[in-house]
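A look at the structure
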Amino acid sequence: MKTRILQAGRLLPSLEARLAAAFDTVLLAEQPDPQAYLAEYGAGFEGFVTSAGVGFTAATLDRLPRLRVISSFGVGLDKLDLAAARARGIAVGYTPDVLNDCVADLAMALLLDIGRRVSEADRFVRRGAWTTPGAKSFPLARKVSGAKLGIVGFGRIGQTIARRAAGFGMDIRYHTRRPVAGAPWLHEPALVELARWCDYLVVITAGGAGTRHLVNAEVLEALGPRGFVVNVARGSVIDEAALVQALVERRIGGAGLDVFEDEPNVPRALFDLDNVVLVPHIASGTEETRQAMADRVFDNLQGFLRDGRMISPAPM
Ligand code: DGY
């Protein structure tokens with residue numbers, strides 16, 4: 001008999017097909033009343049497939065008394081109640097590493113976009129401003145090559161961003177609680193000082209309670225009217241109300257944002273600002289990387305069920 005696997009929400013079609021071929025899978029999000037379904041049938045499932053965006057709570061685990069393994073699509077752990085899983089001895093897998101390149105690529109794309117005003121220039125051309133007789137020419141942008149880059153969080157993705165930025169001849173420093181052994185860039189223990197020093201502040205630290213509003217009004221003030229912020233981490237890491245206020249009042253130079261505090265809701269006040277680039281949480285969103293993440297979700301699940309081993313167990 002095939003192992004019963006509960007799938008929290010929709011996944012890549014290729015992953016859903018692989019899961020359905022190997023296991024007896026049920027899509028929870030498709031049930032008319034997911035809570036009633038869990039109460040009635042939860043005891044039948046040994047595996048649970050979720051994602052960084054959906055996660056799982058202790059209450060969900062309570063409804064899955066025979067659960068042995070959870071496989072999550074994504075690197076973020078902030079919505080996964082790892083303590084509840086640990087208390088039950090449930091193994092948890094996730095998908096680090098395979099997305100480092102794409103998240104770093106998008107951080108650079110946002111940085112280049114806000115610095116060089118790419119999206120703003122695109123809008124300028126599309127609305128016919130370039131060909132309007134007597135119209136003002138497009139304003140000058142800011143140089144990226146050789147500029148000062150501050151990176152908040154210096155794990156695998158932060159270091160990948162640093163290597164890309166080094167290719168642009170950027171002067172790089174990073175902020176973490178402790179210096180990263182062997183990193184050839186300067187560690188700045190005070191985030192406010194990093195913000196004061198840099199031209200571009202890229203946020204790529206883990207989300208969750210420990211980093212909530214790490215980038216606050218004081219940090220934004222230090223960044224100043226010629227400083228830009230890029231967030232490819234979690235919306236919760238930046239105090240979004242303070243960020244919106246700083247942008248509206250032009251107290252920082254601009255922002256490139258992939259993530260928001262209340263996704264998919266983006267503060268309307270940002271929509272009219274030319275110095276802001278907004279994208280819908282797409283940092284890992286390429287065909288190649290999403291497929292690699294899907295493969296890892298499957299391999300973690302199958303590996304655990306076959307011989308108790310995962311390629312990438314979550315740090316518990
Ligand atoms: C991740 O992998 O954590 C992405 O940000 C998607 O949530």
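Note that the structure is a prediction, hence the values are computed from the model and not measured.

Assigned secondary structure in the protein consists of eleven helices and twelve strands. Dimensions of the protein, computed from C-alpha atoms along their principal axes, come out at roughly 75 × 50 × 30 Å. Scored against the burial criterion, the 316 residues of the protein give a buried share of 50%. Pairs at least 24 residues apart make up 59% of the contacts formed inside the protein by residues separated by at least 6 positions. Carbon and sulfur atoms make up 53% of the accessible area of the protein, which amounts to about 15,200 Å² in all. Of the charged side chains in the protein, 36 are positive and 35 negative; the average position of the first set lies 3 Å away from that of the second.

This next bit is on the domain arrangement of the protein. The domains assigned to the protein are domain 1 (4–97 + 288–307) and domain 2 (100–278). Here domain 1 and domain 2 have C-alpha centroids that lie 33 Å from each other. Counting from both sides, the interface comprises seven residues of domain 1 and, opposite them, six residues of domain 2. For the pair domain 1 and domain 2, the two sides together bury roughly 550 Å², of which 40% comes from carbon and sulfur. When the area that domain 1 buries against domain 2 is broken down by residue, the three leading residues are Asp78, Asp97 and Thr289, summing to 73%. The interface formed by domain 1 and domain 2 includes two salt bridges. Asp78 serves as the salt-bridge partner of Arg234, at 3.1 Å between the closest nitrogen and oxygen.

All right, on to the nonpolar core then. Within the largest apolar cluster, 47 residues are counted, with the highest numbers of intra-cluster contacts made by Leu149, Ile151, Ile161 and Met170. Considering every element that reaches this core, the biggest residue donor is helix H5 (residues 100–116), with eight residues. Three or more residues apiece are contributed to this core by two domains, here domain 1 (4–97 + 288–307) and domain 2 (100–278). Apart from residues lying up to four places away in sequence, Ile161 is in contact with Ala104, Ala107, Met108, Leu149, Ile151, Val202 and Ile204. Core analysis: the next-biggest nonpolar cluster, separate from the first, contains 30 residues, Val219, Leu220, Ala246 and Leu273 among them.

This part is about the packing of helix H1 (residues 13–22) against helix H11 (residues 287–307). Helix packing for two helices is described by the angle between their axes and how far apart those axes are. Their axes nearest at 9 Å, the elements H1 and H11 cross at an angle of 20°. Judged on the interaxial angle alone, H11 and H1 are roughly parallel. Relative to H11, the crossing made by H1 is right-handed. Facing H1, whose interface residues are Ser14, Leu15, Arg18, Leu19 and Ala22, H11 presents Gln291, Ala294, Asp295, Val297, Phe298, Asp299 and Leu301. Split by residue class, the contact of H1 with H11 holds seven nonpolar, two polar and three charged.

On to the pattern of salt bridges, then. Scanning the entire structure with this criterion turns up 18 salt bridges. Where Glu46 meets Arg68, a salt bridge forms, and the shortest distance between an N and an O atom there is 3.0 Å. Within this pair, whereas Glu46 is found in the loop between helix H2 (34–41) and strand S3 (47–51), its partner Arg68 is found in the loop between helix H3 (58–62) and strand S4 (69–73), the two being separated by 22 residues in sequence. Under the relative-accessibility criterion, Arg68 is labelled partly exposed at 35%. With a closest N to O distance of 3.0 Å, Arg164 and Asp101 form a salt bridge.

Further remarks concern the packing of aromatic side chains. In the structure shown here, the tally under the stated rule is seven aromatic pairs. A ring pair is formed by Tyr37 and Tyr41, whose centres lie 4.8 Å apart and whose planes are at 40°; its orientation type is tilted. Of this pair, Tyr37 and Tyr41 both sit in helix H2, separated by four residues, roughly a single helical turn. Note on Tyr37: relative accessible area 12%, which makes it buried. Judged by relative accessible area, which is 40%, Tyr41 ranks as partly exposed.

Procedures and definitions
- Residues numbered from 1 in each chain as written.
- Predicted model: local features only at pLDDT ≥ 70, side-chain atom pairs only at ≥ 80, totals over all residues.
- Heavy atoms only, no water.
- Helix = DSSP H or I, 4+ residues; strand = E, 2+ residues; numbered from the N terminus.
- Buried < 20%, exposed > 50% of the residue type's maximum accessible area, 1.4 Å probe, protein only.
- Contact = heavy atoms within 4.5 Å.
- Areas by Shrake-Rupley, 256 points an atom, 1.4 Å probe, with all protein chains shown as cover.
- Lys, Arg positive; Asp, Glu negative; His and termini not counted.
- Charge placed at Lys NZ, Arg CZ, Asp CG, Glu CD.
- Domains from an automatic or database assignment.
- Buried area = accessible area lost by both parts, 1.4 Å probe.
- Salt bridge = Lys/Arg side-chain N within 4 Å of Asp/Glu carboxyl O.
- Core = buried A, V, L, I, M, F, W, Y, C linked by side-chain atoms within 4.5 Å.
- Axes fitted to C-alpha atoms, helices over the stretch in contact; angles between N-to-C directions.
- Parallel < 35°, antiparallel > 145°, perpendicular 65-115°, else oblique.
- Left-handed = near helix turned anticlockwise from the far one by under 90°.
- Nonpolar A, V, L, I, M, F, W, Y, C, P; charged D, E, K, R; others polar.
- Phe/Tyr/Trp six-rings, centres within 6.5 Å; stacked < 30°, edge-to-face > 60°.

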